[in-house]
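# Reading the structure
In case you want the letters, here they are:
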Amino acid sequence: MPNTQHLQDLTTQVRRDILRMVHKVNSGHPGGSLGCTEFLVALYQDIMDRKDTFDMDGIDEDLFFLSNGHISPVFYSVLARSGYFPVDELNTFRLLDSRLQGHPTTHEGLPGIRVASGSLGQGFSVALGAAQAKKLNNDTHLVYSLHGDGELQEGQNWEGIMYASANNIDNLISTIDLNGKQIDGATDDVLPMGSIKAKFEAFGWTVVDIENGNDIDAILKGMAEAKSLTGKGKPVCVLLNTVMGNGVDFMMHTHAWHGKAPNDEQLAIGLVQNAETLGDY
Amino acid sequence: MKTYTNTGNKDTRSGFGAGLTELGQTNENVVALCADLIGSLKMDDFKANHPERFFQVGIAEANMIGLAAGMTIGGKIPFTGTFANFSTGRVYDQIRQSIAYSDKNVKICASHAGLTLGEDGATHQILEDIGLMKMLPGMTVINTCDYNQTKAATIAIAEHNGPVYLRFGRPKVANFTPEDQKFEIGKAVKLTDGNDVTIVATGHLVWEALEAAKTLNERGISAEVINIHTIKPLDDKAILDSVSKTGCIVTAEEHNFLGGLGESVARVLSQHNPAPQEFVATNDTFGESGTPAQLMEKYGLNANAIIKATEKVVKRKN
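This part takes up the overall build of chain A. Regarding its fold elements, chain A presents ten helices and seven strands. The C-alpha radius of gyration computed for chain A amounts to 18 Å, which stays within 12% of the reference 19 Å derived for 281 residues, consistent with globular compactness. By principal-axis analysis of the C-alpha atoms, chain A measures approximately 50 × 45 × 40 Å. Buried residues in chain A amount to 58% of all 281 residues. Between the centroid of the 20 positive side chains of chain A and the centroid of its 36 negative side chains there is a distance of 2 Å.

Once that is clear, we can look at the domain arrangement of chain B. All names here are of chain B. Annotation of chain B at the domain level lists domain 1 (10-173) and domain 2 (189-316). Each partner contributes to the roughly 2300 Å² buried at the junction of domain 1 and domain 2, and carbon and sulfur atoms together form 57% of this total. The interface formed by domain 1 and domain 2 holds zero salt bridges in total. Here the residues of the side of domain 1 that touches domain 2 are counted per class, giving 13 nonpolar, 13 polar and six charged.

On the chain A side, the residues contacting the 27 residues of chain B number 30 residues. Here chain B and chain A share an interface that buries about 2200 Å² over both sides, 54% of which is from carbon and sulfur atoms. For chain B, the biggest contributors to the area lost against chain A are I73, Q97 and Y101 of chain B; these three give 30% of the whole. The tally of links from chain B across to chain A stands at 17 residue pairs in polar contact (both at pLDDT 80 or more). For the side of chain B that touches chain A, the elements supplying multiple residues, two or more each, are β3 (54-56), α4 (61-71) and α6 (92-100) of chain B. Per-element accounting of the side of chain B that touches chain A gives the leading share, eight residues, to α4 of chain B. Among the residues forming the side of chain B that touches chain A, the class breakdown is ten nonpolar, eleven polar and six charged.

This part takes up the packing of aromatic side chains. Tallying each qualifying case throughout the model produces 17 aromatic pairs over all chains. On the basis of an interplanar angle of 85 degrees and a centroid distance of 6.1 Å, the ring pair of Y44 of chain A and Y84 of chain A is categorised as edge-to-face. In this pair, Y44 of chain A sits in helix α3 (residues 37-47) while Y84 of chain A sits in the loop between α4 (72-81) and α5 (123-136), placing the two residues 40 residues apart along the sequence. Using a relative accessible area of 3% as the deciding quantity, one classes Y44 of chain A as buried. Judged by relative accessible area, which is 12%, Y84 of chain A ranks as buried. Ring centres of F176 of chain B and W207 of chain B lie 5.0 Å apart, and the angle between their planes is 40 degrees; this geometry places the pair in the tilted category. A residue pair is termed long-range when its members are at least 10 positions apart, and F176 of chain B in the loop between β8 (172-173) and β9 (189-190) and W207 of chain B in helix α9 (residues 205-218) qualify at 31 residues. Across the pair, exposure class does not vary: F176 of chain B and W207 of chain B are buried alike. Each residue in the set Y44, F54, F64, F75 and Y84 of chain A is aromatic and connected to the rest through ring pairs, giving one cluster. For the cation-ring pair, K10 of chain B lies above Y147 of chain B, with the distance from its terminal atom to the ring centre recorded as 3.8 Å.

An ideal rise of 1.5 Å per residue puts 16 Å on twelve residues; helix α6 (residues 155-166) of chain A measures up with 17 Å between its terminal C-alpha atoms. Among the residues of α6 of chain A, Q156, N157, W158, G160, I161, Y163, A164 and S165 of chain A are the ones counted as buried. Tucked into the core, α6 of chain A has its buried residues touching α5 and α8 (196-202) of chain A together with β3, α4 and α6 of chain B. Remark: N168 of chain A follows α6 of chain A within two positions and exhibits a positive phi of approximately 55 degrees.

With that settled, the discussion passes to the pattern of salt bridges. Residue and element names in this part refer to chain B. If you walk through the whole model with that rule in mind, you get 24 salt bridges over all chains. Across the salt bridge formed by R90 and E61, the nearest N and O atoms sit 3.2 Å from each other. Within this pair, whereas R90 is found in the loop between α5 (84-87) and α6, its partner E61 is found in helix α4, the two being separated by 29 residues in sequence. For R90, a relative accessible area of 55% corresponds to the exposed category. Take E61: its relative accessible area is 5%, and that puts it in the buried class.

This part takes up the nonpolar core. Among the nonpolar cores identified, the biggest contains 69 residues, and F65 and F200 of chain A together with L33, I95 and I239 of chain B are the most heavily contacted of them. Among the elements that take part in this core, α4 of chain B stands out by supplying seven residues, more than any other. Residues in contact with F200 of chain A, not counting those within four places in the same chain, are F124, L152, W158, I161, I176, W205, V207 and C237 of chain A.

What follows deals with helix α11 (residues 261-272) of chain B. All names here are of chain B. With twelve residues, α11 extends 17 Å between its outermost C-alpha atoms, agreeing within 8% with the 16 Å of an ideal straight helix rising 1.5 Å per residue. Burial in α11 covers these residues: L261, G262, S264, V265, V268 and L269. For α11, the angular spread of buried residues about the axis comes to 165 degrees, placing them on one side. Among the exposed residues of α11, those pointing more than 90 degrees away from its buried face are S270 and Q271. Against α7 (129-134), β10 (197-201), β12 (230-232), α10 (236-246), β13 (249-256) and β14 (277-282) lie the buried residues of α11.

Calculation notes
- Residues numbered from 1 in each chain as written.
- Chains lettered and ligands numbered in written order.
- Predicted model: local features only at pLDDT ≥ 70, side-chain atom pairs only at ≥ 80, totals over all residues.
- Heavy atoms only, no water.
- Helix = DSSP H or I, 4+ residues; strand = E, 2+ residues; numbered from the N terminus.
- Rg over C-alpha atoms; globule rule 2.2 N^0.38 Å.
- Buried < 20%, exposed > 50% of the residue type's maximum accessible area, 1.4 Å probe, protein only.
- Lys, Arg positive; Asp, Glu negative; His and termini not counted.
- Charge placed at Lys NZ, Arg CZ, Asp CG, Glu CD.
- Domains from an automatic or database assignment.
- Buried area = accessible area lost by both parts, 1.4 Å probe.
- Salt bridge = Lys/Arg side-chain N within 4 Å of Asp/Glu carboxyl O.
- Nonpolar A, V, L, I, M, F, W, Y, C, P; charged D, E, K, R; others polar.
- Contact = heavy atoms within 4.5 Å.
- Polar contact = N/O pair within 3.5 Å; in protein donor to acceptor, adjacent residues only side chain to side chain.
- Phe/Tyr/Trp six-rings, centres within 6.5 Å; stacked < 30°, edge-to-face > 60°.
- Lys NZ or Arg CZ within 6 Å of the ring centre and 35° of its normal.
- Expected span 1.5 Å × (residues − 1).
- Core = buried A, V, L, I, M, F, W, Y, C linked by side-chain atoms within 4.5 Å.
- Arc of directions from axis to C-beta.

As structure tokens, this is what we get:
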């Protein structure tokens, strides 16, 4: 078992960042952000082969695309703590004249972001295009993407999912955040999608399950398996089973915190549950 | 009055295809995507010559737009091809978020624009696309007038860093601009000198404006015809310089008068030099089935319509 203590510490610190960012402006999306914290920390700190400096074209490095852009708090925190921009800039989240817009954009030139997202369902296509550009450039690095499960209700996803296997795009690992929740409630109540695994398999993808998507060891193991399945003619999908709001007990297992910020008291409780590890911004 | 010779009718979409073929040979970063309309868009040559840089996406335009945005990451210059209707209205949010707001270097190439698509009818005849595209911040909007100009524009936009909407059409129309022209984005082309009226036209209506000018000249009205191939950014100066001399203007386009070239021109004039203006455009309506000539006559988008509008606007002076 690898020593994952630094990833655990960073995860806790990122949780604090998320809570403090959304609390300060009383807006933003903590639920999905907290659910994907372990995954994004592991991705940027361990899994991806990336350069220290940001370049839009991303030649000779792995790329990541966030399709469910509303979980910008976790994305911004992980990017900042991975060195793309000063951690202090997290203070400007959702404020006027900030590079940290409500949803991620390239428009203000924030390093680490390669496409705007937030209007759902567009990330698959963009990630697929970037993966094909890598093939054209004889660049053997991988493209990673993350998508919400509710987001799969958008039809454009399935255009891209169909295209990927038809074109043997095998340098892409797309992860679905299976938290079973969306704004209006459980995905099974809003619009049941049946077996997402069976759907991806029917569309010609190789599917890897990560049953505990909030466990860093499980994530590293599952993603290593996913990586080993690239380059074999088929796109790879990772089904990441997560708990929305993970790490803050009153936010867990509910969609109530999808797009709601904690008040002062709730913030204090959340911070007690996630003690400072690497220093607050 | 300067006159122009039609060197033989040709379709503007073939000009696009020829331009793309040339780009395939000269710019290895150019890639092409098509949503099941290779023959209609005249992309066959590019596909045959550069199969590794050609992407058939199937009937999935939203995915095509996103793929194109993604391919720019890594330095590719994607040209997407489908009908104007499916290039804009069908994928507006994909263009807005993944291309325009993300400032991606994608060239959205749209054929079969407007009524001249003909018999397929209003489901396919978009008359709102210029408006949709010109409202997107950072989007360049071009509507070329003939084969030669479409070919030149196709080549020119590959050198422009930023999103472009290139609009052209289906029918064979007069080919009259120089074969060796240098296409300058945002630079209007004055075709005739005149003193009594300015006629600014875009797309298929440019040749009609020249035909109208000949008749008007015989009737004692001297028309200055300007080809506005770039609707955004608009060549404000060319319009204002001409109207300061002629005192009135007719705008002509194969598009709804709401959201089209005419409204852009009206904005410029109202801000700087209010002058009488008449619109040759469709009047907030859908099209219908028919031959291109029948439709352009019925909806008032030909030389006769431009003549009538001109005689009306000249009378409105003073």
